[in-house]
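Analysis of the macromolecular model
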Amino acid sequence: MITRARLIVLLARPAVIVLLAMFTAVGLAQAGRGQDPAALIPPLAVVFAFLLFSVACNDLADEAIDRVNLPGQRPLATGALSRREFGIIGITAGVVALGISAALGPAALVVTFAGMCVSAGYSLRPVRLADRGAVASMALPACYVAVPYLLGVLAAGAPALSRGTMFLLGGLYLGFIGRILLKDFRDVRGDVLFGKRTFLVRHGRVRTCVLSVCCWVGGTGVILAATRHLTLAFLLAEAGCLAAALALLRALARDRGARRDEFLISATAIAGRGMVLLLLAHLSMVSAGWGVIRYDAVIGLLGLLTIGQMVSMVRYGPQTHQMSFDPELALANRRPQSRTRSSNSGGETTWKSAPVPPRAMTGQSSESVVMRTRHRLALISSTTDQRPMRSRTTAAGASTRTSVS
Amino acid sequence: MRDRRPAADADGMNRNNSRAAHRWRTALKLTGLVLFVLTGVGGLAVIGFFVVVLVGLSQWGSNK
């Protein structure tokens with residue numbers, strides 16, 4: 001039972017839940033109730049159920065692609081849950097989302113239902129927007145941004161169609177398109193193999209980065225224009241994050257390896273999340289009537305934190321997880337053996353033990369280190385220039401893992 | 001106590017576990033903590049919550 005519950009949480013992808021929760025909180029803050037955590041609970045419940053429905057549709061439709069792009073990471077692709085269970089989870093989540101949103105009012109019900117239609121159309125045939133290049137990059141933010149944001153606004157009892165509310169939604173939506181375009185760098189290998197015609201597959205690295213830049217600049221401009229009580233501190237913080245994101249996109253336009261791409265895209269995502277959090281903080285503090293000193297301190301620290309996280313990601317990459325040393329595994333790996341097998345990702349899984357030469361990559365003898373690393377795909381100006389993305393090398397008892405979702 | 005963390009190597013494979021990386025991450029976590037307290041004391045705990053979660057997500061390396 002606990003395992004099933006954990007699977008359901010993992011199924012909803014915690015990173016995405018947080019992102020959608022933040023858009024919900026922005027909607028609530030835009031409606032003037034940013035300092036009311038209790039008001040956030042009902043729309044968050046709808047958003048969670050809506051996300052489960054969307055993920056169930058997506059995983060059912062993309063089972064084969066996920067086996068290539070994300071081996072061992074999706075419950076359906078790994079066999080942890082069956083297709084039937086996925087269907088049950090999806091239908092139940094859809095009913096729950098509609099039920100709770102009905103309690104929030106007819107407008108919330110319409111928003112949730114429309115979002116579910118777009119979400120199902122994104123993944124499922126015959127519509128299958130996911131295969132349609134730029135259309136896919138426009139449809140997904142409609143689910144990820146508009147549904148939670150509007151539910152937040154409606155939960156606060158404010159009209160969803162007011163000019164300021166819709167203007168801000170437009171900015172958030174545009175900015176998110178700029179980020180979601182970059183998601184395809186991770187998935188390009190399976191997308192090419194299965195004929196999924198994403199914008200990146202169709203137009204290549206440079207044009208994808210250019211479009212992303214346009215969306216970032218346009219989105220930030222609209223957000224700043226739509227923000228109530230714009231302050232100099234907020235303007236400078238947003239401009240600083242935008243400048244840093246544009247610098248990262250410029251670096252991403254040049255292919256310098258899959259690992260480098262991973263760091264740059266993660267750092268760009270940090271900028272995007274930081275800018276949304278800055279907006280949430282600004283709206284909440286303005287509604288709460290905070291004084292200038294405290295307001296400036298929070299905005300300044302948030303800006304610094306965002307830029308600092310971006311620098312950390314670009315320079316050092318994601319944090320690795322050091323696992324405990326396992327003497328039995330170390331001893332087992334000292335037995336002479338050597339075998340290599342191909343995985344369905346196109347990479348290799350390799351076990352090698354004694355005698356093993358020291359590895360320059362780890363800076364240590366491989367007898368003392370297990371390094372499990374996922375190498376992402378290196379993309380391309382032309383999409384055919386593919387390299388093996390993932391390798392897993394096991395040599396002895398301690399291990400280090402890098403994970404990017 | 002002996003520091004068991006590996007030093008950064010030539011191709012940067014272990015940069016993410018170097019001492020400099022740890023110092024950066026510690027500074028960022030402390031900044032996040034200050035923000036958490038500052039916003040929590042001011043009655044805006046939602047912001048503090050998102051700060052903490054996003055610091056965690058960023059360490060992990062989410063691309064969303």
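How each quantity is defined
- Residue numbering note: each chain is counted from 1, following its sequence as written.
- Going through the entries in the order they are written, you letter the chains from A and number the ligands from 1.
- Restriction of local features to residues with pLDDT of at least 70 applies here, the model being predicted, together with a cutoff of 80 or more for giving and counting side-chain atom pairs; totals for whole chains, interfaces and linings are based on all residues.
- The side-chain quantities take in all heavy atoms of the structure and omit both hydrogens and water.
- Working definition: helices are DSSP H or I runs of at least four residues, strands are E runs of at least two. Numbering for both runs from the N terminus.
- Buried means the residue's accessible area, taken with a 1.4 Å probe over protein chains only, is under 20% of the maximum for its type, while exposed means over 50%, and partly exposed covers the values in between.
- Accessible areas in this description were obtained via Shrake-Rupley with a 1.4 Å probe; residue shielding takes into account the shown protein chains only.
- Two aromatic rings, drawn from Phe, Tyr or Trp (for Trp, its six-membered ring), form a pair once their centres lie within 6.5 Å of each other, and the interplanar angle then sorts them: stacked below 30 degrees, edge-to-face above 60, tilted otherwise.
- Consider the ring centre and the ring normal. A charge sits over the ring if Lys NZ or Arg CZ is within 6 Å of that centre and within 35 degrees of that normal.
- Residue contacts follow a heavy-atom distance rule, with two residues in contact if any of their heavy atoms lie within 4.5 Å.
- Whenever a helix is involved, its axis is fitted only over the stretch in contact; in every case the axis is a line through C-alpha atoms, and angles between N-to-C directions fall within 0 to 180 degrees.
- In these notes the angle categories are as follows: under 35 degrees is roughly parallel, over 145 is roughly antiparallel, 65 to 115 is roughly perpendicular, and the rest is oblique.
- By the definition used in this description, the sense in which the near helix is turned from the far one sets the handedness, with an anticlockwise turn below a right angle giving left-handed and a clockwise turn giving right-handed.
- Given a helix with a known number of residues, its expected span is that number minus one, times 1.5 Å.
- The pLDDT value expresses, per residue, how confident the predictor is, ranging between 0 and 100.
- Each residue is assigned to one of three groups, with Ala, Val, Leu, Ile, Met, Phe, Trp, Tyr, Cys and Pro labelled nonpolar, Asp, Glu, Lys and Arg labelled charged, and all others, Gly among them, labelled polar.
- A patch consists of residues whose relative accessible area exceeds 30% and which take part in no salt bridge; residues with like charges are grouped when within 9 Å of each other, and nonpolar side chains (Val, Leu, Ile, Met, Phe, Trp, Tyr) when within 5 Å.
- When a carboxyl oxygen of Asp or Glu lies within 4 Å of a side-chain nitrogen of Lys or Arg, that pair is called a salt bridge.

**Overview of the overall build of chain B**
Looking only at helices and strands, chain B has two helices and zero strands in total. Looking at chain B as a whole, 47% of its 64 residues are labelled buried. For chain B, the computed accessible surface area is about 3200 Å², with 67% contributed by carbon and sulfur atoms.

**Concerning the overall build of chain A**
Scanning chain A for helices and strands turns up 14 helices and six strands. A total of 405 residues make up chain A; the buried ones form 54% of that total. When the accessible surface of chain A is split by element, carbon and sulfur atoms take 64% of a total near 16700 Å².

**Some words on the packing of aromatic side chains**
Inspection of every chain in the model, using the stated rule, returns three aromatic pairs over all chains. With centroids separated by 5.9 Å and ring planes inclined at 65°, the aromatic side chains of Y144(A) and F176(A) adopt a geometry described as edge-to-face. Taken together, the residues span a long stretch of sequence, with Y144(A) in helix α8 (residues 134–155) and F176(A) in helix α9 (residues 163–193) at a distance of 32 residues. With respect to class, Y144(A) is no different from F176(A); both count as buried. Residues F49(B) and F50(B) carry aromatic rings whose centres are separated by 5.3 Å and whose planes lie at 65° to one another, so their mutual orientation is edge-to-face. On the basis of relative accessibility, which here comes to 49%, the residue F49(B) falls in the partly exposed class. The buried category is assigned to F50(B), whose relative accessible area is 2%. Connected via pairs of aromatic rings, a cluster forms that spans F23(A), Y144(A) and F176(A). It is R294(A) that lies over the ring of W290(A); its NZ or CZ is 4.3 Å from the centre.

**A look at the side chain of D184(A)**
Residues and elements named next belong to chain A. Structurally, the position occupied by D184 is in helix α9. Residue class for D184 comes out buried when judged on its relative accessible area of 8%. For D184, the contacting residues outside a window of four places in its chain are S137, D191, T198, F199 and L200.

**Some remarks on the environment of F263(A)**
Residues and elements named next belong to chain A. Relative to the helices and strands, F263 resides in helix α12 (residues 258–288). Exposure remark for F263: the relative accessible area of 4% places this residue in the buried category. Distance in space between the C-alpha atoms of F263 and A253 is 13 Å, their sequence separation being 10 residues.

**Comments concerning the packing of α8(A) against α9(A)**
Residue and element names in this part refer to chain A. At a minimum axis distance of 8 Å, the contact between α8 and α9 shows a crossing angle of 140°. Taken as axis vectors, α8 and α9 run oblique relative to one another. The two elements α8 and α9 meet at a crossing, and its hand is right-handed. Contact residues: α8 offers S137, M138, L140, P141, A142, Y144, V145, A146, Y149, L150 and V153, while α9 offers T165, M166, L168, L169, L172, Y173, F176, I177, I180, L181, K183 and D184.

**A look at helix α2 (residues 45–60) of chain B**
Its 16 residues give α2(B) an end-to-end C-alpha distance of 23 Å, which sits within 8% of 22 Å, the value for a rise of 1.5 Å per residue. Buried residues belonging to α2(B) abut α2 (14–30), α3 (37–61), α12 and α13 (292–316) of chain A together with α1 (19–41) of chain B.

**Comments concerning the confidence of the model for chain B**
Residues and elements named next belong to chain B. A residue-level look at chain B finds 69% of positions with pLDDT of 70 or above and a mean pLDDT of 76. Predicted confidence is poor over residues 5–12, with pLDDT under 50, and the contacts of this stretch with residues over four places away or in other chains come to 16 contacts. Overall fold confidence for the complex sits at a pTM of 0.77, while the interface term, ipTM, reaches 0.81.

**Here's the deal with the confidence of the model for chain A**
Residue and element names in this part refer to chain A. Confidence in the prediction for chain A averages 77 pLDDT; 78% of positions are at 70 or higher. Under a pLDDT of 50 for its full length, residues 322–327 has, in the predicted model, 12 contacts with residues more than four places off or in other chains. In this model, residues 334–405 is a region of pLDDT below 50 whose contacts with residues beyond four sequence positions or in other chains number 200 contacts.

**Remarks on the packing of helix α7 (residues 106–123) of chain A against α8(A)**
Residue and element names in this part refer to chain A. Closest axis-to-axis distance for the α7/α8 pair is 10 Å, and the angle between their directions is 160°. Overall, the two elements α7 and α8 adopt an arrangement that is roughly antiparallel. Judged by the sense of rotation from one axis to the other, the crossing of α7 with α8 is left-handed. Along its contact with α7, which presents A107, A108, V111, T112, G115, V118, S119 and Y122, the element α8 presents A136, A139, L140, C143, V147, L150, L151 and L154. Residues that form the contact of α7 with α8 fall into these classes: 13 nonpolar, three polar and no charged.

**Some words on a nonpolar patch on the surface**
Residue and element names in this part refer to chain B. Side chains of L30, L33, F36, V37, V41 and V52 sit close together on the surface and give an oily, nonpolar patch of about 570 Å² of accessible area. Sort the elements by how many residues they give to the nonpolar patch and α1 lands first, with five residues. With respect to the secondary-structure elements, V41 resides in helix α1.

**A look at the environment of P318(A)**
All names here are of chain A. Mapping P318 onto the fold places it in the loop between α13 and β1 (321–322). On the accessibility criterion, P318 (0% relative accessible area) is buried. Between the C-alpha atom of P318 and that of S266, which follows or precedes it by 52 residues, the distance is 8.4 Å.

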